[in-house]
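A look at the structure
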Amino acid sequence: MDRRRLPHLRQPPRAGRACTSREPYPYPTLRLPAKDSLFDYDIDDVVIEGYQHHPGIKAPVAV
């Protein structure tokens, strides 16, 4: 296998280390109002509070 033709095979260790070396944020909170039936819920009822994310990890993609 010619690894020069497949640069994405060299990328995962670097991207993986960048991802796993980050300190995780606290879990977000999911809020749903009380409803009588599961079928009464609508997508607008779902509220996610306190969600945080790290900046994206740039990596080349082979097409």
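Just so it is clear, the model here is predicted, and its values are computed rather than measured.

Notes on the environment of Leu32
If you trace the backbone, Leu32 turns up in the loop between strand 1 (29–31) and strand 2 (47–49). Of the residues examined, Leu32 reaches a relative accessible area of 47% and is grouped as partly exposed. Measuring from C-alpha to C-alpha, the distance between Leu32 and Asp42 comes to 10.0 Å, with 10 residues separating the pair along the chain.

Concerning a nonpolar patch on the surface
Among the surface-exposed residues, Leu30, Leu32, Leu38, Phe39, Tyr41, Ile43, Val46, Ile48 and Tyr51 lie close enough to one another that they form a single nonpolar patch of about 1100 Å² accessible area. Examined against the element boundaries, Ile43 turns out to sit in the loop between strand 1 and strand 2. For Ile43, a relative accessible area of 67% puts it in the exposed group.

What counts and how
Residues numbered from 1 in each chain as written. Predicted model: local features only at pLDDT ≥ 70, side-chain atom pairs only at ≥ 80, totals over all residues. Heavy atoms only, no water. Helix = DSSP H or I, 4+ residues; strand = E, 2+ residues; numbered from the N terminus. Buried < 20%, exposed > 50% of the residue type's maximum accessible area, 1.4 Å probe, protein only. Patch = residues over 30% accessible without salt bridge, like charges linked within 9 Å, V, L, I, M, F, W, Y side chains within 5 Å. Areas by Shrake-Rupley, 256 points an atom, 1.4 Å probe, with all protein chains shown as cover. Salt bridge = Lys/Arg side-chain N within 4 Å of Asp/Glu carboxyl O.

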